[in-house]
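# Survey of secondary and tertiary structure
Residue strings, one per chain:
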Amino acid sequence: MIRIDTASMNRLETRRFYHRLMGACIGGGIVAYLTGVLSGYVILGTVIYWAGFLGMVGIWKGTSIELYDEREQQLDREAAGLTLWVFSFVLVLGGPALFALETVGSYDMPPELWGAFYAYCVLYLIFGVIYTVHRKRS
Amino acid sequence: MNNELSEYRADAGLSQADLAERVGVSRQTINAIERERYDPSLELAFELSDHFDCLIEDLFDPESEEDG
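Source: prediction; values computed, not measured.

## Some remarks on unusual backbone geometry
Residue and element names in this part refer to chain B. Unusually for a residue other than glycine, Glu36 sits at a positive phi of about 60 degrees. Of note, the phi angle at Asp53 is positive, near 55 degrees, even though the residue is not glycine. You can see Asp53 is positioned in the loop between helix H4 (42-51) and helix H5 (56-59).

## Notes on the side chain of Asp69 of chain A
Locating Asp69 of chain A in the fold gives a position in the loop between helix H2 (42-62) and helix H3 (70-103). An unpaired buried charge is present at Asp69 of chain A: no salt bridge exists, and Arg15 of chain A, the closest side chain of opposite charge, is 4.3 Å distant. For Asp69 of chain A, the side chain forms a polar contact with the main-chain nitrogen of Ser26 of chain B, separated by 2.8 Å. If we skip the residues at most four places from it in the chain, Asp69 of chain A touches Arg15 of chain A together with Val25, Ser26 and Thr29 of chain B.

## Some thoughts on a nonpolar patch on the surface
Residue and element names in this part refer to chain A. Taken together, the side chains of Ile30, Tyr33, Leu34, Val37, Val42, Ile43, Val47, Tyr49 and Trp50 make up a nonpolar region of the molecular surface, amounting to roughly 830 Å² of accessible area. Broken down by element, the residue count for the nonpolar patch peaks at 5 residues, all from H2. Judged by its relative accessible area of 40%, Val37 is partly exposed.

## Points about the packing of aromatic side chains
Residue and element names in this part refer to chain A. Counted according to the given criterion, the structure contains 12 aromatic pairs over all chains. Considering the side-chain rings of Trp114 and Phe117, the 6.2 Å spacing of their centres and the 85 degrees angle between planes classify their relative orientation as edge-to-face. In this pair, Trp114 and Phe117 both sit in helix H4 (residues 111-137), 3 residues apart, roughly one turn of the helix. What makes Phe117 buried here is its relative accessible area of 13%. Chaining the aromatic ring pairs together yields one cluster made of Phe99, Trp114, Phe117 and Tyr118. In this arrangement the basic side chain of Lys61 is found over the ring face of Trp60, its NZ or CZ atom lying 4.2 Å from the centre.

## Observations regarding helix H1 (residues 11-39) of chain A
Here H1 of chain A is 29 residues long and its end C-alpha atoms lie 41 Å apart, about the 42 Å a rise of 1.5 Å per residue gives. For H1 of chain A, the complete set of buried residues consists of Leu12, Thr14, Arg15, Tyr18, Met22, Ile26, Gly29, Ala32 and Gly36 of chain A. Where H1 of chain A is buried, its residues meet H2 of chain A together with helix H2 (16-23) of chain B. In the segment just after H1 of chain A, Gly40 of chain A is the residue with positive phi, at about 90 degrees.

## With respect to the UniProt feature "domain: HTH cro/C1-type" (unreviewed entry) in chain B
When the UniProt feature table is mapped to this numbering, "domain: HTH cro/C1-type" (unreviewed entry) covers residues 5-59 of chain B. For residues 5-59 of chain B, helix accounts for 67% and strand for 0%, while the C-alpha atoms at its two ends are 6 Å apart.

## Brief notes about the UniProt feature "transmembrane region" (unreviewed entry) in chain A
If you check UniProt for "transmembrane region" (unreviewed entry), the listed places come out as residues 21-41, 47-68, 80-101 and 113-133 of chain A in our numbering. Helix makes up 90% of residues 21-41 of chain A and strand 0%, whereas the separation of the span's terminal C-alpha atoms amounts to 25 Å.

## Notes on the interface of chain B and chain A
For interface size, the figure often reported is the accessible area lost on association. Contacts between chain B and chain A engage 15 residues on the former and 10 residues on the latter. In total, chain B and chain A occlude about 990 Å² of area from one another, counting both sides; carbon and sulfur atoms represent 44% of this. Counting the surface chain B buries against chain A, the share from its top three residues, Glu21, Gly24 and Tyr38 of chain B, is 51%. Applying the counting rule to chain B against chain A returns 0 salt bridges. Listed by contribution, the elements that provide at least two residues to the side of chain B that touches chain A are H2 and helix H3 (27-34) of chain B.

## Considering the confidence of the model for chain B
Residue and element names in this part refer to chain B. When pLDDT is averaged along chain B, the result is 90; 93% of the residues meet or exceed 70. Within chain B, no element has a lower average pLDDT than helix H6 (residues 64-67), which sits at 53, and none a higher one than H4, at 96. Both confidence scores are given for the complex: pTM 0.75, ipTM 0.83.

## Describing the nonpolar core
Residue and element names in this part refer to chain B. Counting 19 residues, the largest nonpolar core has Leu5, Leu19, Ile30 and Leu48 as the members making the most contacts within it. Of all elements in the fold, only H2, H3, H4 and H5 reach the threshold of two or more residues within this core. Among all residues touching Leu48, those that are not within four sequence positions of it are Leu5, Leu19, Val23, Ile30, Ile33, Leu59 and Phe60.

Rules and cut-offs
- Residues numbered from 1 in each chain as written.
- Chains lettered and ligands numbered in written order.
- Predicted model: local features only at pLDDT ≥ 70, side-chain atom pairs only at ≥ 80, totals over all residues.
- Heavy atoms only, no water.
- Helix = DSSP H or I, 4+ residues; strand = E, 2+ residues; numbered from the N terminus.
- Buried < 20%, exposed > 50% of the residue type's maximum accessible area, 1.4 Å probe, protein only.
- Lys, Arg positive; Asp, Glu negative; His and termini not counted.
- Salt bridge = Lys/Arg side-chain N within 4 Å of Asp/Glu carboxyl O.
- Polar contact = N/O pair within 3.5 Å; in protein donor to acceptor, adjacent residues only side chain to side chain.
- Contact = heavy atoms within 4.5 Å.
- Patch = residues over 30% accessible without salt bridge, like charges linked within 9 Å, V, L, I, M, F, W, Y side chains within 5 Å.
- Areas by Shrake-Rupley, 256 points an atom, 1.4 Å probe, with all protein chains shown as cover.
- Phe/Tyr/Trp six-rings, centres within 6.5 Å; stacked < 30°, edge-to-face > 60°.
- Lys NZ or Arg CZ within 6 Å of the ring centre and 35° of its normal.
- Expected span 1.5 Å × (residues − 1).
- UniProt positions renumbered as here; feature names shortened; annotations may be inferred.
- Buried area = accessible area lost by both parts, 1.4 Å probe.
- pLDDT = per-residue confidence, 0-100.
- Core = buried A, V, L, I, M, F, W, Y, C linked by side-chain atoms within 4.5 Å.

Pasting the structure below:
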């Protein structure tokens, strides 16, 4: 097992070190995946990519070091909230319009669009469940 | 929210990175607070006032932005 000595680093250096480690995991995974695709070892590339991704998440969630401070966490929440808000327009305005067009027979929704529409619905359903659980806990 | 963080930091002879290290946030967060682009949490505000041994009201002024 590899032991990492972070005792000689200060908090910012340790945080930077872990960020680089996470970047190396996911970056290495992406490079392995692309190399696999180009050289015909797609499965191997995919497995290494997954391992890199899991390594990144493992470092992020497994370390006791706070890798993102309160401002960075707030930025993350705001970006996620804004993304959901923007995409809610697609669902709220686009969904009923597509149904209406299909009902009157002027447009046949292709299966891919149905798939995307249901994926949107599931995304907002999950958001609703997580929001409700958090609200009850707080 | 207006604040006097950069003045207190300069008086203490600290860089943004030094202060960030001491209160456990990134240098960018200290920079954002000084430029009044980010209002810190109560926890961080207490941490900063503890560090400079002053009151939170000495560092942060919620009124002056609206008055100005």
